[in-house]
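Residues per chain, in single letters:
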Amino acid sequence: MGSFACIILSNSCPKYSLVDEITNNLNCHFPEKFFFRKPVNVGHSRLNFGPVLVGSNVEEKGTVEMGEVEKKRFKWIEIGPNVTESQKRTISQLPLKMTKRCKALMKQIICFSSEESGLSDLLAAWVRIMKPERADWLSVLKELGKLDHPLLFEVAELALLEESFEANIRDYTKIIDGYGKQNRLQDAENTLSAMKRRGFICDQVTLSAMLNMYSKAGNLELAENMFEEIKLLGHPLDKRSYGSMIMAYIRAGMPEQGEILLKEMEAKEIYAGREVYKALLRAYSNTGDAEGAQRIFDCIQFAGISPDVKLCALLINGYRVSGQTQKACVAFENMRRSGLEPSDKSIALILAAYEKENKLNKALDFLMDLERDGIVIGKEALELLAAWFQRLGVVEEVELVLREYSAQQASNKVHP
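Since we're looking at a predicted model, the values are computed, not measured.

About the cut-offs
Residues numbered from 1 in each chain as written. Predicted model: local features only at pLDDT ≥ 70, side-chain atom pairs only at ≥ 80, totals over all residues. Heavy atoms only, no water. Helix = DSSP H or I, 4+ residues; strand = E, 2+ residues; numbered from the N terminus. Buried < 20%, exposed > 50% of the residue type's maximum accessible area, 1.4 Å probe, protein only. Contact = heavy atoms within 4.5 Å. Core = buried A, V, L, I, M, F, W, Y, C linked by side-chain atoms within 4.5 Å. Expected span 1.5 Å × (residues − 1). Axes fitted to C-alpha atoms, helices over the stretch in contact; angles between N-to-C directions. Parallel < 35°, antiparallel > 145°, perpendicular 65-115°, else oblique. Left-handed = near helix turned anticlockwise from the far one by under 90°. Nonpolar A, V, L, I, M, F, W, Y, C, P; charged D, E, K, R; others polar. Phe/Tyr/Trp six-rings, centres within 6.5 Å; stacked < 30°, edge-to-face > 60°. pLDDT = per-residue confidence, 0-100. Salt bridge = Lys/Arg side-chain N within 4 Å of Asp/Glu carboxyl O.

A word on the overall build of the chain. A count of helical and extended segments in the chain gives 19 helices and three strands. Counting every position in the chain, which comprises 416 residues, the buried fraction comes to 48%. Considering only contacts in the chain between residues 6 or more positions apart, those separated by 24 or more positions represent 68%.

On to the nonpolar core. Of all hydrophobic cores here, the largest spans 113 residues; its most connected members are Met245, Leu262, Tyr277, Ile347 and Phe366. In terms of residues, this core owes the most to one element, helix H14 (residues 309-321), which gives eight residues. Those residues in contact with tyrosine 277 that lie beyond four places of it in its chain are Leu262, Glu266, Tyr271, Ala272, Ile296, Cys299, Ile300, Ala303 and Ile305.

You can see proline 95 is positioned in the loop between helix H1 (85-92) and helix H2 (100-110). Assessed through its relative accessible area of 26%, proline 95 is described here as partly exposed. The spacing of proline 95 and glutamate 143 is 48 residues in sequence and 8.6 Å in space, taken between C-alpha atoms. With sequence-adjacent residues up to four places away left out, proline 95 is seen in contact with Lys103 and Glu143.

Turning next to helix H4 (residues 134-146). When the terminal C-alpha atoms of H4 are compared, their 18 Å separation across 13 residues agrees well with the 18 Å that a helix rising 1.5 Å per residue should span. Of the positions making up H4, those classed as buried are Arg134, Asp136, Trp137, Leu138, Val140, Leu141, Glu143, Leu144 and Gly145. In this structure, the buried residues of H4 make contact with H2, helix H3 (119-130), helix H5 (152-160) and helix H6 (169-181). Just beyond H4, the residue with positive phi is aspartate 148, at close to 55°.

In this section: the packing of H3 against H5. Interhelical geometry of H3 versus H5 gives an angle of 50° and a closest axis separation of 10 Å. In terms of their interaxial angle, H3 and H5 are classed as oblique. In this structure, H3 meets H5 at a crossing whose hand is right-handed. Residues Leu119, Ser120 and Leu123 of H3 lie in contact with H5, whose contacting residues are Glu154, Val155 and Leu158. Partitioned by chemical class, the residues of the contact of H3 with H5 number four nonpolar, one polar and one charged.

Here we come to H5. Residues spaced three or four apart along an α-helix face the same direction, because each turn holds 3.6 residues. Extensive coverage of H5 is indicated by the burial of nine of its nine residues. Listed as buried for H5 are Leu152, Phe153, Glu154, Val155, Ala156, Glu157, Leu158, Ala159 and Leu160. Considering only its buried residues, H5 is in contact with H2, H3, H4, H6 and helix H7 (185-197).

Turning to the packing of aromatic side chains, a few remarks are in order. The tally for this structure, following the rule as stated, stands at eight aromatic pairs. Ring plane angle 80° and centroid distance 6.1 Å describe the contact between tryptophan 137 and phenylalanine 165, whose orientation is recorded as edge-to-face. Here tryptophan 137, found in helix H4, pairs with phenylalanine 165, found in the loop between H5 and H6; they are 28 residues apart in sequence, far enough to count as distant. Given a relative accessible area of 0%, phenylalanine 165 falls into the buried group.

Attention shifts here to unusual backbone geometry. In this structure, aspartate 148 takes a positive phi of about 55° despite not being glycine. Positionally, aspartate 148 belongs in the loop between H4 and H5. Here the phi dihedral of glutamate 166 falls at roughly 55°; this positive angle occurs in a residue that is not glycine. As for its placement among the helices and strands, glutamate 166 is situated in the loop between H5 and H6. The class of glutamate 166 is partly exposed, set by a relative accessible area of 37%.

Looking now at the confidence of the model for the chain. The pLDDT averaged across the chain works out to 82; a share of 75% of its residues lies at or above 70. Taken together, the stretch residues 1-74 has pLDDT below 50 and engages in 171 contacts with residues farther than four places along the chain or on a different chain.

Opposite charge on two side chains makes pairing possible when the charged atoms of those side chains draw close. Taken as a whole and judged by the stated rule, the model has 17 salt bridges. Between aspartate 177 and arginine 240 there is a salt bridge whose closest N-O contact spans 3.2 Å. With a gap of 63 residues between them, aspartate 177 in helix H6 and arginine 240 in helix H10 (residues 239-251) connect regions that are remote in the sequence. By relative accessible area, which is 18% here, aspartate 177 ends up buried.

Shown next, in the form of structure tokens:
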């Protein structure tokens, strides 16, 4: 592998202020299309490389004059023995098709040390000497995202300030969304403020990213404010905005408000994603609001979503928590009639419902019916049954249950 160079930069060179302080402890994947590519007229592009550009085969040392003699100069020098094996390995894995100017910057970022220079100075020198285009910036950001590099956000923020990057509103939105996924609310808000200061007008996509962030953070008030801002734009609300607001209500313990929005969506023939329905169903189920759980279960089917065993179990649990054992059994039988194989969880829920009403004979009849149909009882159901027997002081039955479970486990290992 050819040698590569590192930049030692003067402190007197112009600095670029960031939107905010970026930490070095990031863990974010930006998708491949982190920024939208602007068409480039290849016929008019010029690659203005100087004699001291940092490339994979550059061996010589040199300097680049920045103006008058008294002005400081940027010096490009080779990186010495301080390069770690990990850095060498990362550099060797850079894409073969990546341009030399992009590889040069990637090498510097991979080996970057804040003690030696500033990242803004490094990028400024790269822009001044190598004259990158938007496509080059996108290539670097894409690769940093693939590497989960801790400087990804800082490079992205600095790129927004460069004329050659040709920043647009989607670039800001992607950064905001990235911050939101890491629950870095203040950083996202600072980026939004910077976007507005630079003359960009917030659109529904950007505001939806902020709404989703506030929703995940559990900040209902800010989520509601952002939802109202989106409404004021005058455009039809989309599935994502509705879904984020419904989830905000669920996290705030207000599933009824979420259901109101769900009905509003259905009236407009907009249907939420499966996870939103599931979260709303779980919210009603866990609080024992069986009627609410049944309404959402019906909405799921109306939306064209086929309920699976997990959704059915949530409905069964809603009836169990509310003490409606008979309806829980009806929901269980409906699940079986639809062709779904009962899960260990759903069987355990029915047993728990019978235990709550102290109906041991009903539970045993239920288990015998399952056995006749060839349904094997799983670990959760067996442990619940064993604990129930122990509370009743029926020791022999407990031992029988445990032996049966051990035999089943051994059989499963022999016949997986």
